[in-house]
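# Notes for the structure review
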Amino acid sequence: MNSVIVVGSFNVDHVWRCAELPAVGATIAGQYATGPGGKGFNQAVAAARAGVGTAFVCALGDDAGGALARQLAAADGIGLRAEASDQPTGTAGIYVDARGRNCIVIGAGANGTLGAAHVAADPELLAGARVLLAQLESPVETIEAALALAREAGVATLLNPAPANAPSSIGLLRLADLLTPNETEFAALLNRHVGERVEAEAVAALDGASLHALCRKLLPHGSVVVTLGSVGVFVSHPDEQLRGDAQTHYRVGAESVSASDTTGAGDAFNGALAASLARAPEQPFAAHVRYANRFAALSTERAGAAAAMPRHDEVQERFG
Ligand code: ATP
């Protein structure tokens, strides 16, 4: 049984580590590595390793990237529902300099053709599911259709509105029971959809009451979890829906770990949050946030994104 359904992207990441990022017209040397990526796939791996049945709905090309996705999904026990695309499997070209700064080019390829019809084509998909998790690396109409289908089926909807520059609409956001932006995405959504000017760098320092008020404007009838990197998270619920928590808004500090690579920490958090909600929906929301916070913290101790996701028993061993 698939308790978590992830709808989203798969990319083959091509990463070059260089001393400096290349300037226009320059040819430089770098160390190359390749591996799986895409927010959808990373989050599906996180949910599966967090220990719940997970299906991943995506679009893949008929190429080596598509074959890699099938092989890796099988290795993590993920039920793959891949639409065959006539486009190449998604790719990301990533340059990282010695200071950890990066430049990224995404070739959406097949991810850009994932159709709403594919999501709706399998009536069994949502049967028995508890959480549908989506991001914004797929066509916005497809994400909207997936969230609407889940709502109709009584499946909780979790939208991670990433990346920050992806198209979105207030209508799309409001199909989410839960919204999980990072600081940059939060600031971008407020500027774009609510007309509130907030600098991303200033979000973590805002007082709780101000942050809560902004969350309520963005998603009046849903909960918002703003991830704040090494600071932790901020949670905001509507008055009428506290999800078992004692307060409408609160912070949870980040776990103290030896973070060495925070790539995919947000994906770890989202996959683990979806898994925890699906495993024990009766628990207070704060317990799910604590679990996701721990899971994401552990992921930062390892290199990579999908490859860095810990397993449920590792999280329990480390944090009890
Ligand atoms: P990415 O884009 O790299 O996936 P993100 O910007 O979406 O990340 P962050 O807000 O940076 O996501 O991190 C998500 C969560 O991961 C944080 O809310 C926290 O729970 C955990 N986390 C991130 N960095 C650290 C850290 N240095 N130490 C402990 N936990 C961390």
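In this report, the structure presented in the accompanying data block is examined. The model shown is predicted, which means the values in this text are computed figures rather than measured ones.

Reading guide: rules and limits
Residues numbered from 1 in each chain as written. Predicted model: local features only at pLDDT ≥ 70, side-chain atom pairs only at ≥ 80, totals over all residues. Heavy atoms only, no water. Helix = DSSP H or I, 4+ residues; strand = E, 2+ residues; numbered from the N terminus. Rg over C-alpha atoms; globule rule 2.2 N^0.38 Å. Buried < 20%, exposed > 50% of the residue type's maximum accessible area, 1.4 Å probe, protein only. Contact = heavy atoms within 4.5 Å. Pairing = 2+ DSSP bridges. Axes fitted to C-alpha atoms, helices over the stretch in contact; angles between N-to-C directions. Salt bridge = Lys/Arg side-chain N within 4 Å of Asp/Glu carboxyl O. Near = heavy atom within 4 Å. Polar contact = N/O pair within 3.5 Å; in protein donor to acceptor, adjacent residues only side chain to side chain. Areas by Shrake-Rupley, 256 points an atom, 1.4 Å probe, with all protein chains shown as cover. Core = buried A, V, L, I, M, F, W, Y, C linked by side-chain atoms within 4.5 Å. Left-handed = near helix turned anticlockwise from the far one by under 90°. Nonpolar A, V, L, I, M, F, W, Y, C, P; charged D, E, K, R; others polar.

What follows is about the overall build of the protein. Along the backbone of the protein there are ten helices and 13 strands. Taking 320 residues into account, the globule formula puts the C-alpha radius of gyration at 20 Å, and the protein, at 19 Å, falls close to it. Seen through its principal axes, the protein has C-alpha atoms that stretch 55 × 45 × 45 Å. Across the 320 residues in the protein, those meeting the buried criterion constitute 49%. For the protein, the share of sequence-separated contacts (at least 6 apart) that also reach a separation of at least 24 residues comes to 65%.

Attention now moves to unusual backbone geometry. Cis geometry is found at the peptide bond from Ala-162 to Pro-163, where omega equals 5°. The residue Pro-163 is located in the loop between strand E9 (156-159) and helix H5 (170-173) in this model.

This part takes up the sheet that holds strand E3 (residues 31-37). The strand order across the open sheet built from four strands is E3-E2-E6-E7, with neighbouring strands paired in mixed fashion. Strands at the two margins of the open sheet, each flanked by one partner only, are E3 and strand E7 (102-107). Looking at each pair of strands side by side, their axes are set apart by 15° on average, direction ignored.

Glancing now at the environment of Ala-162. Along the chain, Ala-162 turns up in the loop between E9 and H5. Spatially, the C-alpha atom of Ala-162 lies 16 Å from that of Leu-219, the residues being 57 residues apart in sequence. If we skip the residues at most four places from it in the chain, Ala-162 touches Lys-39, Gln-135, Leu-136, Glu-137 and Glu-185.

Moving on: the pattern of salt bridges. Under the criterion given, the structure shown has nine salt bridges. Residue Arg-49 is joined to Asp-76 by a salt bridge in which the shortest nitrogen-to-oxygen separation is 2.9 Å. Residue Arg-49 is located in helix H1 (residues 39-49), and its partner Asp-76 is located in the loop between helix H2 (64-75) and strand E5 (79-84); the two are separated by 27 residues in the primary sequence. Judged on exposure class, the residue Arg-49 and its partner Asp-76 are both buried.

What follows is about the environment of Glu-83. Its place among the elements puts Glu-83 in strand E5. In this structure, Glu-83 is in contact with Cys-58, Ala-59, Leu-60, Thr-113, Leu-114, Gly-115 and His-118, ignoring residues within four places of it in sequence.

With that out of the way, let us pick up the site of the ligand. The local shell around the ligand holds 22 residues, among which Asn-182, Thr-227, Gly-229, Gly-232 and Asn-293 are the closest. Within the contact set of the ligand, an oxygen atom lies 2.9 Å away from a backbone nitrogen or oxygen of Gly-229. Here Gly-232 contributes a backbone N or O atom positioned 2.9 Å from an oxygen atom of the ligand. Notes on the ligand: free accessible area 630 Å², of which the protein chains cover 82%. Among the elements that make up the shell around the ligand, the one with the highest residue count is helix H8 (residues 265-279) (four residues).

Here we have nine strands laid out as an open sheet, ordered E5-E4-E1-E8-E9-E10-E11-E12-E13, and mixed in their pairing. Looking at the sheet topology across the chains shown, the edges are occupied by E5 and strand E13 (249-253). The pairing of strand E12 (residues 232-236) with E13 spans five bridges and is classified as antiparallel. Paired with Phe-234 across the strands is Arg-251, a residue of E13. Its contacts with the sheet place H8 against strand E1 (4-7), strand E8 (131-134), E9, strand E10 (178-179), strand E11 (223-227) and E12, and it is angled at close to 170° to E8. Sitting on the sheet, helix H9 (residues 285-299) touches E10, E11, E12 and E13, and the angle it makes with E13 is about 25°.

Here we come to the nonpolar core. One finds Phe-56, Leu-158, Phe-269, Leu-273, Phe-285, Val-289 and Phe-295 to be the most contacted residues of the largest nonpolar core, which totals 45 residues. With eight residues, the single largest contributor to this core is H8. If we skip the residues at most four places from it in the chain, Val-289 touches Val-233, Val-235, Tyr-250, Val-252, Phe-269 and Leu-273. Grouped together as the second largest cluster of nonpolar side chains are 40 residues, Leu-126, Ala-146, Val-155 and Val-203 included.

With that settled, consider the packing of H8 against H9. Relative to each other, H8 and H9 sit at 145°, their axes nearing to 8 Å. Here H8 and H9 pass one another in a crossing that is right-handed. Contacts between H8 and H9 involve Ala-265, Ala-268, Phe-269, Ala-272, Leu-273, Ser-276, Leu-277 and Arg-279 from the first element and Phe-285, His-288, Val-289, Tyr-291, Ala-292, Asn-293, Phe-295, Ala-296 and Ser-299 from the second. Residue composition of the contact of H8 with H9, by class: twelve nonpolar, four polar and one charged.

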